[in-house]
Amino acid sequence: MMIEPPIEKMSEKIGNKYKLAVLASKRAVELQKKYLEEGVEPEIELSQAANEIWNDEVEVDE
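Note that the structure is a prediction, hence the values are computed from the model and not measured.

A.B. asks: Go over the side chain of Ser11 with me, naming the residues and quoting the values.
C.D. replies: Of note, Ser11 is situated in helix 1 (residues 7-14). Under the relative-accessibility criterion, Ser11 is labelled buried at 6%. At 2.9 Å, the side chain of Ser11 forms a polar contact with the backbone oxygen of Glu8. Those residues within four positions of Ser11 in sequence are excluded, and the remaining contacts are Asn16, Lys17 and Leu20.

Take a look at the structure:
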C-alpha cells in the first residue's frame, strides 16, 4: 500500500484517479526501460514515478 505521496491528494492534483494511474504506470515503464538499458537492476519504479509526479518532475498532458 502506498502511503506517501497521498493518493487522494495526487488524484486531485492530476484531475482524477484514472489519469493518475495511467501517468504513473507510463512513467514506471519508462524508468524500468532506462534502468535495464543502463544495466541496473530495476527496483521500485512505481514508487519513484509517484514521487516524481508529486514533486512536479513529470509533465502532465491535459
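Right, picking up where we left off after that structure.
A.B. asks: Please set out the pattern of salt bridges residue by residue, giving values where relevant.
C.D. replies: Counted according to the given criterion, the structure contains 4 salt bridges. In this structure, Arg27 engages Glu30 in a salt bridge whose closest nitrogen and oxygen atoms are separated by 3.0 Å. Remark: Glu30 and Arg27 occur in helix 2 (residues 17-38); sequence separation between them is 3 residues, near one turn of the helix. A salt bridge links Glu52 to Arg27; the shortest N-O distance between them is 2.5 Å.

The rules we used
- Residues numbered from 1 in each chain as written.
- Predicted model: local features only at pLDDT ≥ 70, side-chain atom pairs only at ≥ 80, totals over all residues.
- Heavy atoms only, no water.
- Helix = DSSP H or I, 4+ residues; strand = E, 2+ residues; numbered from the N terminus.
- Buried < 20%, exposed > 50% of the residue type's maximum accessible area, 1.4 Å probe, protein only.
- Polar contact = N/O pair within 3.5 Å; in protein donor to acceptor, adjacent residues only side chain to side chain.
- Contact = heavy atoms within 4.5 Å.
- Salt bridge = Lys/Arg side-chain N within 4 Å of Asp/Glu carboxyl O.

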